[in-house]
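# Close look at the chain arrangement
Here is how the chains run, residue by residue.
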Amino acid sequence: SMAQARGMSSTPSMLQAEQGLSTKEVMELVRTVALLKVRLDKADARIADMTAEANTIRPTLTKGSSVSRGLRPTTPRGGQSSASSEQRTSSQRTSSRPQTARGQSPARRKSPVTRKPPTRFFTASMRGGPMTEPMKATGRTFLTAREREDPESALQGPSLLLRRELTEQGYEMTAVISAIARAREYKRANPEVDTGAHALSILQSNTAPATRHQNVIEDDNPYNDGVKYWPFRGFAFPPSDFKGPGDMRQVDELNAKLELSFVYGYRGDRSRSNLFYTKSGKLVYHTAAVGIVYDQHSHSQAFFHGHDDDIVSLALHPDGVLCATGQVRSLKGPPNPRILIWSTETLQALKEISGFHQRAVISLSFSSDGKQLASIGSDNSHSIAVYESPSADWAGGKPIGAPVGVDKGHNAEVFEAKFNPVTNHVVLSGERMLRFFGLKESPSLTESRIWSKKGILKHKDKKDAQTDMMSVAFGPDGATYSGTVEGDIYIFHEQQLTRLFPAHKGAVTALWFDTAPGVNRLFSSGQDGLVKAWEIPEDGKAQPKTASSSRLRWATQIDGKMHDGVIDLMGWVTPGLEAAAHSLHSNVGHLLVGTISNEIYELDMAATDGSPMCIMQGHFNQARQGHNNFNYELDGIASHPFAPEVASAGDDKTLRVWDLTLKQMVKIRMLKHAGKSCAYSPDGKLVAVGLSNGGWLVVDSAELETKAFGKGGVLRKERIGDLKFSPNGEKLAVASNDNFIDLYDTSTWERFGECRGHSSYVTHIDWSADSKMLQSTCGAYELLYFDASKKGRGKQIPFASSLKDVSWASQSCVFGWPVMGIWPEGCDGTDINAVALSHKSYKLPGDKEAWRRHLVSADDFGTVRLFHYPCVKRRGGGGAQPQGPEA
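Just so you know, these numbers come straight off a predicted model, no measurement behind them. (Residues numbered from 1 in each chain as written. Predicted model: local features only at pLDDT ≥ 70, side-chain atom pairs only at ≥ 80, totals over all residues. Heavy atoms only, no water.)

We now examine the overall build of the chain. Along the chain, the regular secondary structure elements total nine helices and 55 strands. Sorting the 887 residues of the chain into buried and exposed places 46% on the buried side. Put simply, of all contacts in the chain between residues at least 6 apart along the chain, 47% involve residues at least 24 apart. Of the accessible surface of the chain, which amounts to about 45900 Å², a share of 51% is contributed by carbon and sulfur atoms. (Helix = DSSP H or I, 4+ residues; strand = E, 2+ residues; numbered from the N terminus. Buried < 20%, exposed > 50% of the residue type's maximum accessible area, 1.4 Å probe, protein only. Contact = heavy atoms within 4.5 Å. Areas by Shrake-Rupley, 256 points an atom, 1.4 Å probe, with all protein chains shown as cover.)

On average, residues of the chain score 81 in pLDDT, and 79% of them are at 70 or above. Within the model, pLDDT remains below 50 along residues 208-217, and this stretch shows 25 contacts once partners closer than five positions in the same chain are excluded. Counting contacts from residues 624-629, a segment whose pLDDT is below 50, to residues more than four positions away or on other chains yields three contacts. (pLDDT = per-residue confidence, 0-100.)

Moving on, we come to helix H8 (residues 173-189). For H8, with 17 residues, the first-to-last C-alpha span of 25 Å sits near the 24 Å given by 1.5 Å per residue. Among all positions in H8, only Ala 175, Val 176, Ala 179, Ile 180, Ala 183 and Arg 184 are buried. (Expected span 1.5 Å × (residues − 1).)

Glancing now at the sheet that holds strand E34 (residues 636-639). Reading across from one edge, E34-E35-E36-E37 is the order of the four strands in this open sheet, with antiparallel pairing throughout. Only two strands of the sheet have a single partner each, and these edge strands are E34 and strand E37 (664-670). Strand-to-strand twist of the sheet, defined as the mean angle between neighbouring strand axes without regard to direction, takes the value 15 degrees. Pairing of strand E35 (residues 645-649) with strand E36 (residues 654-659), which is carried by five bridges, proceeds in the antiparallel orientation. In the strand pairing of E36, Ser 648 is matched with Arg 656. (Pairing = 2+ DSSP bridges. Axes fitted to C-alpha atoms, helices over the stretch in contact; angles between N-to-C directions.)

Next up on the list: the nonpolar core. Tyr 229, Phe 815, Ile 822, Trp 823 and Leu 855 are the most contacted members of the largest nonpolar core, which has 29 residues in total. In this structure, Val 531, Ile 567, Ala 581 and Leu 591 belong to the second largest nonpolar core, which totals 16 residues. (Core = buried A, V, L, I, M, F, W, Y, C linked by side-chain atoms within 4.5 Å.)

Looking now at helix H9 (residues 195-205). Among the residues of H9, Thr 195, Gly 196, Ala 199, Ile 202 and Leu 203 are the ones counted as buried. The buried residues of H9 occupy an angular sector of 120 degrees when the element is viewed end-on, so they sit on one face. Here H9 starts with a cap whose side-chain oxygen sits 3.3 Å from the backbone nitrogen of Gly 196, and that cap is Asp 194. (Arc of directions from axis to C-beta. Polar contact = N/O pair within 3.5 Å; in protein donor to acceptor, adjacent residues only side chain to side chain.)

What follows deals with the side chain of Gln 301. Topologically, Gln 301 is positioned in strand E6 (residues 300-304). Here Gln 301 falls in the buried class, since its relative accessible area comes to 11%. Here Val 263 takes part through its backbone nitrogen, which lies 2.7 Å from a polar atom of the side chain of Gln 301. A polar side-chain atom of Gln 301 sits 3.3 Å from a polar atom in the side chain of Tyr 285. If near-sequence neighbours (up to four positions away) are discounted, Gln 301 is found in contact with Phe 262, Val 263, Tyr 285, Ile 292, Val 293, Tyr 294 and Met 616.

Bringing empty space enclosed by the protein into the picture now. One pass over the structure, following the stated rule, counts four cavities of 30 Å³ or more. Here the second largest cavity is characterised by a volume of approximately 50 Å³. Taken together, Asn 420, Thr 423, His 425, Val 427, Phe 436, Gly 478, Thr 480 and Glu 494 make up the full set of residues lining the second largest cavity. Looking at the lining of the second largest cavity, its residues break down into two nonpolar, five polar and one charged. (1 Å grid on protein atoms, 1.4 Å probe; cavity = no way out; pocket = protein on both sides within 12 Å on 5 of 7 lines; lining within 4 Å. Points joined across faces, edges and corners; volume = space filled by probe spheres on them. Nonpolar A, V, L, I, M, F, W, Y, C, P; charged D, E, K, R; others polar.)

A word on the sheet that holds strand E13 (residues 384-388). In space, the four strands of this open sheet follow the order E11-E12-E13-E14, with antiparallel pairing throughout. This sheet does not close on itself; its edge strands, each paired only once, are strand E11 (361-366) and strand E14 (405-407). Sheet twist, expressed as the mean angle between neighbouring strand axes with direction ignored, is 15 degrees.

A separate point is the packing of H8 against H9. It is at 8 Å that the axes of H8 and H9 come closest, and there the two elements cross at 125 degrees. The angle between H8 and H9 places the two elements in the oblique class. The two elements H8 and H9 cross, and the hand of that crossing is right-handed. For the pair H8 and H9, contact is made by Ala 175, Val 176, Ala 179, Ile 180, Arg 182, Ala 183, Arg 184, Tyr 186 and Lys 187 and by Thr 195, His 198, Ala 199, Ile 202 and Leu 203, respectively. A breakdown of the residues in the contact of H8 with H9 according to their chemical character gives nine nonpolar, two polar and three charged. (Parallel < 35°, antiparallel > 145°, perpendicular 65-115°, else oblique. Left-handed = near helix turned anticlockwise from the far one by under 90°.)

So, on to the environment of Val 293. Within the secondary structure, Val 293 is located in strand E5 (residues 290-295). Along the chain, Val 293 and Phe 304 lie eleven residues apart, while their C-alpha atoms are 8.2 Å from each other.

Checked against the element boundaries, Val 414 lands in strand E15 (residues 414-419). On the basis of relative accessibility, which here comes to 10%, the residue Val 414 falls in the buried class. Sequence-wise, Val 414 and Leu 434 are 20 residues apart; in three dimensions their C-alpha atoms are separated by 9.5 Å. Among all residues touching Val 414, those that are not within four sequence positions of it are Ile 362, Ile 376, His 382, Leu 428, Ser 429, Gly 430 and Met 433.

Our next topic: the environment of Asp 604. With respect to the element layout, Asp 604 can be found in strand E32 (residues 600-604). The spatial distance from the C-alpha of Asp 604 to the C-alpha of Leu 592 is 9.2 Å, given a sequence separation of twelve residues.

Next up on the list: unusual backbone geometry. Across the junction of Trp 230 and Pro 231, the peptide omega takes the value 5 degrees, indicating a cis bond. Mapped onto the elements, Pro 231 comes out in the loop between H9 and strand E3 (276-277). Residue Pro 870 is reached from Tyr 869 by a cis peptide bond, and omega for that bond is 0 degrees. Here Pro 870 is to be found in the loop between strand E53 (864-869) and strand E54 (879-881). Positive phi, close to 60 degrees, is recorded for Glu 494, a residue that is not glycine.

Under the counting rule described, the total for this entry stands at 23 salt bridges. Across the pair Arg 716 and Asp 742 runs a salt bridge, and its minimum N-O distance is 2.9 Å. Within this pair, whereas Arg 716 is found in the loop between strand E41 (706-710) and strand E42 (720-725), its partner Asp 742 is found in strand E44 (residues 740-745), the two being separated by 26 residues in sequence. Of the two residues, Arg 716 and Asp 742, both sit in the buried class. Across the pair Asp 847 and Arg 852 runs a salt bridge, and its minimum N-O distance is 2.6 Å. Exposure class is identical for Asp 847 and Arg 852. Each is buried. (Salt bridge = Lys/Arg side-chain N within 4 Å of Asp/Glu carboxyl O.)

Here you go:
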């Protein structure tokens, strides 16, 4: 303490006696006290000098002197003034004054400021500047005493806070500034008056039609003001006659629900061995997040809805009733992908398995007794796990816990894993390998229960036999058959390659061994589009050959020659699509074929012509050279204005038409580029398709022949996100990812207008009922309006409130007042991908006219929801997923 150091008078001996300190500690304390006294004396002297300097160098100056103008006063001879000399003398007297680099005294020190210290922060709006965050105070940012005492009159310019408050009420900026100035003038004579309240009264008394902002419509309805909601970046304006909470348009009661009736498609492009006959003769397969049981006789489907994300694998239990399905990891569910075991008859889940695999479960297989289930994960090591159930029916008892054995599968790509029904081993096929797994009988506590051995890919008849193993099947003697990428079929006994023979020109994509009594036949499919039936001789030295026409009435003419036991799928599948299969399965003289192009065919082994029957078709992922993973999408879909018909366009470069009554595809056309959007004309005679290269195409709906087209890469270079015919059919609006909307005359197909103004790619567009205006949304979550009634550039309408009573022919825009209830709390602007409005309205008992309509939305989580239209409340009070109503 400085005060204690000054007043310290005790001697070292006294300190030593009083405090019990050692001699060394006492001497150190004495030296410290002496040093403090010296520093205090220097500080006192410096303070005294600064006080004397402040009293000396601030004489009373006249208003016009050079000092008051910021100039140093000089003598007539150029010498320094007396004040400057006194300053120099005072500076020389101060020995502790710091020196400059050249040994000269520093510039004159400014006198201490007598003002109050500045506040820690101040807002720029205090001086009429821009509205910003509070900034740190500096020597130039503090307020003067007059400004602190009377900020209303001292600050230059009106307060931005008051200016902003009044302009938000719809008044013009010039009128607001004038009213604030008049209110300040009035406050000088009447200090008790509030400036803001008086300015508002001036504006209200002098309001003229031109004074109010154009975006504000004068009315007495308090419920039709603009509404702001997330994630829409704008204001949503209800109709002028909207009555608020009691309005019938705000009801959230749904008089309908969604029920899934039919699924068009099959996942055959990125999954293998996922198509089977059940015990009752029905078909079980999967697509999207739905397990499907299909009845051929009634052409109907039953659905299993237990999964919450895409199913990527399926295995049938030996009893033909149970099956297991594995999915990818769900973004809204548990962190690990799930495996569900369910019944194809009751469609009820019996067991759920999760906790080990990561990303996805890409392959499943049951053991011959049905008590064990092998699974392969999509992690970097493609780990294998074997689960075991106490009973073969997987019903009742304790939940399935951890797997009984786990091991690494393969670091490279794997294709499928299957249980050998004879040896009870799991065989995994993959890139340049075939691996065998089994369970040890009595392993030690420190070792894994699973053993693993690699297949020996060496044979005297082939110099380099190590290649990619694409498919696996098993003979009645336990032999393993594997199809290679080079078109050969390898035969293994245990882990040793014993035989091989050429089968296809191209990869062998699927194998199935029919071990039924009297059949004993191997079926194979390859990239050459052929399905072959092989008779395997019992003599190990004889080569397998295709089945004779006497035993299997298949015969195909290839290159002018008849080939027995061969079916050429290329002549039956959709033209232009691949005919290779990823799944084969037989049952009582019939063979199921699931192709890479997501089509299902059934071959009758007793048919004389061998013609397959097409059961299912759908869009697919087209293979790309050098790529194994695809994420092709189905973006374009449009319903016929009055017929039960739907058109779709996808990344597989196909335009398809589906009959909703027959529940089948009726037309298809190949496209040069991926289809990203499509739309019907109001009379249903034309279909417009937007392409991925910025072009578009118009075809007739009857034969899908070209009527008009816009060449891509010329006017627009990015994908066409949406297109719509006007309600009168005279115009076509084409929205692109270049942020523009082009307008075409349907009589000449010439471009007559362009709408611009979006700051991101355009996602959806809608025409008004009178075919004069457009509304559109974009990737920046904007909703813009354009006048499309005249030629040239479509004029943007900046005031959304002026269009609050416009009737729109459709509702595909995901933002606006009629759809603001579809957005849940905490959502992202990309969560909802599309909305659609029902074509016709309906009425309920008690309604005077038919005004009710339905709205559906599709989101990123695989959910389709049903709402009342307009949907004003958050979530509309309810929605519906495909399996049924949702609260």
